[in-house]
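Close look at the chain arrangement
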Amino acid sequence: VKYAVDSVREDRQGSEEGRKLPRFIQSTLRRDKHQQFHRTVTLKRNTRKSSNSKSYSIMVFCPFTISTAETGVIERFGKFNRLAKPGLGFLICGAEELAGRLSFRVQQLDVRLETKTMDNVFVTAVVSIQFQVLEEKAWNAFYALTDPRRQITAHVYDVLRAEIPNLELDALFEAKEELAQTVKAALAQTMTQYGYQIMQALITDLDPDQRVKNAMNEINSSKRLKFAVAERAEGEKILKVKSAEAEAEAKYLSGVGVAKQRKAIVDGLKSSIVDFTDGVKGSTSKDTLDLLLLTQYFDCIKDVGSDRKCKTTFVPASKPRSSEPMSTTSTSRWSSTPSR
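Keep in mind the model is a prediction, meaning the values are calculated, not measured. (Residues numbered from 1 in each chain as written. Predicted model: local features only at pLDDT ≥ 70, side-chain atom pairs only at ≥ 80, totals over all residues. Heavy atoms only, no water.)

1. Some details on helix H6 (residues 176–191)
Quick note on the threshold: The helix count covers DSSP runs of H or I at least four residues long, the strand count covers runs of E at least two residues long, and both are numbered beginning at the N terminus. Helix span, as expected, comes to 1.5 Å for every residue beyond the first. Three labels apply to residues, based on accessible area from a 1.4 Å probe with only protein chains included: buried if under 20% of the type maximum, exposed if over 50%, partly exposed otherwise in between. Each direction from the helix axis to a C-beta atom contributes to the arc, which is the arc of those directions. Pairs of residues are marked as contacts when any of their non-hydrogen atoms sit within 4.5 Å.
Compared with the 22 Å implied by 1.5 Å per residue over 16 residues, the 22 Å span of H6 between its first and last C-alpha is a close match. Along H6, the residues that are buried comprise Leu-179, Ala-180, Val-183, Leu-187 and Met-191. Along the axis of H6, the buried positions cluster into a sector of 100°, meaning they face one direction only. Residues of H6 that are exposed and angled more than 90 degrees away from the buried face: Glu-177 and Gln-189. For H6, the elements touching its buried residues are strand E7 (122–133), helix H4 (148–163), helix H5 (169–174) and strand E8 (196–208).

In structure tokens form, the structure reads like this:
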């Protein structure tokens, strides 16, 4: 209203001055002032309405879930904001995002590399690295390293290719535990600052070239064969010695038996000669010996004839003369027919 009154006053003052102007100019000026007045009143009314109304803001949340033994990394406008715990969580859509997840489970990385030993034998080694993310250093584990697995692999390569060339092939198999401890110590010293704990470093396989393995098997086989031959020869030696000892003992006992047998025969002959000489008058010791020899001769012929395996028999061809030796005849079986 005040503005309207002021406008009227200005119109009155301007009318006196405007009377000096032509009429069409005065009408144009009045029309412009009235239009400006109406625009000003309308603007002030709208301003009062807007000042009395309340303002509201709307925010949209997006749900997400984190599994057990994991944590989520949340960023707001590209900047780290917080770590999300396992369970249900919410993000401000358009402002926040789930940049990634970290698992607190024990993970395993198998590294295979080829290197050579001191005696110039190429060996393929397989190393299993077991590692875990430290919960208190989750920020370092996510942001400090671009690819943790590749960096762990590089450290394993560096350690083993510095240690294995100092060992020969046979010593390498014996030093597996020492090499594993060396790898673990080197990785633990480096990776702890990045939020990773090295649980174990295990050398699970050492595989030389196939030709080297065949040669090693041949050497081992030759050693075992040599040992087997030596043991076999020692066994044969013992067998022969024992056999010779047994044979010597048997011959000794046989000799003792023969000696006793002959002594008994001589004693028997002695008693027979004495008895025969005393019982037959006019007989001499020579007659007694001839009779005993003839008796033994017939006993020998009887034993030879009764043996199934006997094929040759010696018999006198005729009555031997005093100047002619006894002749013999060979037959396929026992025969007493004299040859003429």
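2. So, the sheet that holds strand E6 (residues 107–116)
Condition: DSSP-based pairing: two strands are paired if at least 2 bridges between them are found. Between N-to-C directions, angles span 0 to 180 degrees; the directions come from axes that are lines fitted to C-alpha atoms, helices contributing only their stretch in contact.
The strand order E6-E7-E8 describes an open sheet built from three strands, whose pairing is antiparallel. Whereas interior strands pair on both sides, the edge strands pair on one side only; in this sheet they are E6 and E8. Taking each pair of neighbouring strands and ignoring which way they run, the sheet shows an average axis angle of 20°. Where E6 meets E7, 10 bridges bridge the pair, whose relative direction is antiparallel. Counted as the bridge partner of Thr-115 is Val-123 from E7. Each of E6, E7 and E8 is contacted by H4, which is oriented at about 35° to E6, the strand it contacts most. Here H6 sits on the sheet and contacts E7 and E8; the angle it forms with E8, its principal contact strand, is near 145°.

3. Remarks on the packing of H4 against H6
Stated precisely, the cut-off is as follows: Roughly parallel means an angle under 35 degrees; roughly antiparallel, over 145; roughly perpendicular, 65 to 115; everything else is oblique. In this scheme the handedness of a crossing depends on how the near helix is turned from the far one: anticlockwise by less than a right angle means left-handed, clockwise means right-handed. Each residue is assigned to one of three groups, with Ala, Val, Leu, Ile, Met, Phe, Trp, Tyr, Cys and Pro labelled nonpolar, Asp, Glu, Lys and Arg labelled charged, and all others, Gly among them, labelled polar.
Interaxial distance between H4 and H6 falls to 10 Å at its minimum, and their mutual angle equals 140°. Taken together, the axes of H4 and H6 lie oblique to each other. The element H4 and its partner H6 pack so that their crossing is right-handed. Counting all contacts with H4, which are made through Ile-152, His-155, Val-156, Val-159, Leu-160 and Glu-163, the residues of H6 involved are Leu-179, Thr-182, Val-183, Ala-186, Leu-187, Thr-190 and Met-191. Tallied by class, the residues present in the contact of H4 with H6 amount to nine nonpolar, three polar and one charged.

4. What about the sheet that holds strand E5 (residues 96–103)?
The strand order E3-E2-E5 describes an open sheet built from three strands, whose pairing is antiparallel. The strands lining the two open edges of the sheet, one partner per strand, are strand E3 (79–84) and E5. The mean inter-strand angle of the sheet, taken between neighbouring strand axes irrespective of direction, is 25°.

5. Details of the state of the cysteines
Under the convention used in this document: Any two cysteine sulfur atoms lying within 2.5 Å of each other are counted as a disulfide.
Tallied over the entire structure, the rule returns one disulfide. Each sulfur of the disulfide joining Cys-62 and Cys-93 lies 1.6 Å from the other. Every disulfide takes its handedness from the sign of the S-S torsion; for Cys-62 and Cys-93 that torsion is 110°, giving right-handed. Here Cys-62 is found in strand E1 (residues 61–66), whereas its partner Cys-93 is found in the loop between strand E4 (87–92) and E5, with 31 residues between them in sequence. Exposure remark for Cys-62: the relative accessible area of 30% places this residue in the partly exposed category. With a relative accessible area of 31%, Cys-93 lands in the partly exposed category.

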